[in-house]
Amino acid sequence: MTSDDQRERILSAAVKLLADAGPSGLSTRAVAAAAGVQTPTLYRLFADKDGLLDAVASFGFESYLAEKRAFVPSDDPVADLRRGWDVHVEFGLANPAIYTLMYGNARPGRQPVAATENRAILRGMLERANAQGLLRVPVEAAVVAIEASTTGAVLLLLTQPEQARDAQLIRPLRDVVLDALTERTSPRPDHSPIAERAQSLLGIITPAGNTDPVTDAGFSVSEAGLLREWLARLNEAHPSRH
């Protein structure tokens, strides 16, 4: 039996053991026994228990990642984010043991490879929305907000009796979070995202009465004027998407 065969056999046994006994039953000795291998073989392939847990989480998460990798973007990035949220929640509720291992066993400085890939996919979806001027916050802030709300909500549902784990219960949270992070309508077709944002910021820092938000923040009068001039030029330099 090759090392790859042994590795797959161990991971298959670990996923089954995880489903039957939960994370607490996932000891290296129990996994090795279930896979029919010696414990030293397990350590040779996975280095330590943390390495095994990481590999088990990624192995169990593979079907979810396969669906996310095959995700075909639509013309509406915000609708795609909603669809991605639903896929994430559905997987978590259908695979509670794997999901809890993935997200309920947080270890500072360590994250399963599958979680890292899932974050990269989410970031790509948010970057598409940002490129169309539909994101109200920086991409990384949106990644954290969506990850925190989805995983927190799913883990909360998983503490409930199985018959009470209804995805519809957290659907309002999805809508509240995504509505807060994204624009409800697309920018005007005659303006680029850069122009839209420059124009918005220009409106925020325009003096009102005797108050100038820029000089009040510590900038000189000439610096404030230069900033407004640059924003006006950005707005004029990107007038159209065509």
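In what follows, the accompanying structure is described. Note that the structure is a prediction, hence the values are computed from the model and not measured. (Residues numbered from 1 in each chain as written. Predicted model: local features only at pLDDT ≥ 70, side-chain atom pairs only at ≥ 80, totals over all residues. Heavy atoms only, no water.)

**Quick look at the packing of helix H1 (residues 3-21) against helix H3 (residues 39-46)**
Next up, step 1: Two numbers describe how H1 lies on H3: the axes approach to 11 Å, and their chain directions differ by 105°. Compared by their axis directions, H1 and H3 come out roughly perpendicular. Contact residues: Ser3, Gln6, Arg7, Ile10 and Leu11 in H1; Thr41, Leu42, Arg44, Leu45 and Phe46 in H3.
Next up, step 2: Across the contact of H1 with H3, the residue classes tally to 5 nonpolar, 3 polar and 2 charged. (Axes fitted to C-alpha atoms, helices over the stretch in contact; angles between N-to-C directions. Helix = DSSP H or I, 4+ residues; strand = E, 2+ residues; numbered from the N terminus. Parallel < 35°, antiparallel > 145°, perpendicular 65-115°, else oblique. Contact = heavy atoms within 4.5 Å. Nonpolar A, V, L, I, M, F, W, Y, C, P; charged D, E, K, R; others polar.)

**Overview of the side chain of Arg174**
Next up, step 1: Along the chain, Arg174 falls in helix H10 (residues 171-181).
Next up, step 2: Only 3.0 Å separates the side chain of Arg174 from the side chain of Asp86, close enough to count as a polar contact.
Next up, step 3: Every residue in contact with Arg174, bar those within four places of it in the chain, is listed here: Arg82, Trp85 and Asp86. (Polar contact = N/O pair within 3.5 Å; in protein donor to acceptor, adjacent residues only side chain to side chain.)

**Topic: the pattern of salt bridges**
Next up, step 1: Summed over all chains, the structure comprises 14 salt bridges.
Next up, step 2: For Asp20, the salt bridge is made with Lys16, and the minimal N-O distance between the two is 3.0 Å. With a gap of 4 residues between them, Asp20 and Lys16 both fall in helix H1, about one helical turn apart. Across the pair, exposure class does not vary: Asp20 and Lys16 are exposed alike.
Next up, step 3: Between Arg136 and Glu183 there is a salt bridge, and its shortest N-O distance comes to 3.6 Å. Here Glu183 lies in the loop between H10 and helix H11 (193-204) and Arg136 lies in the loop between helix H8 (113-131) and helix H9 (139-158), a separation of 47 residues in the sequence.
Next up, step 4: The partly exposed category is assigned to Arg136, whose relative accessible area is 45%. (Salt bridge = Lys/Arg side-chain N within 4 Å of Asp/Glu carboxyl O. Buried < 20%, exposed > 50% of the residue type's maximum accessible area, 1.4 Å probe, protein only.)

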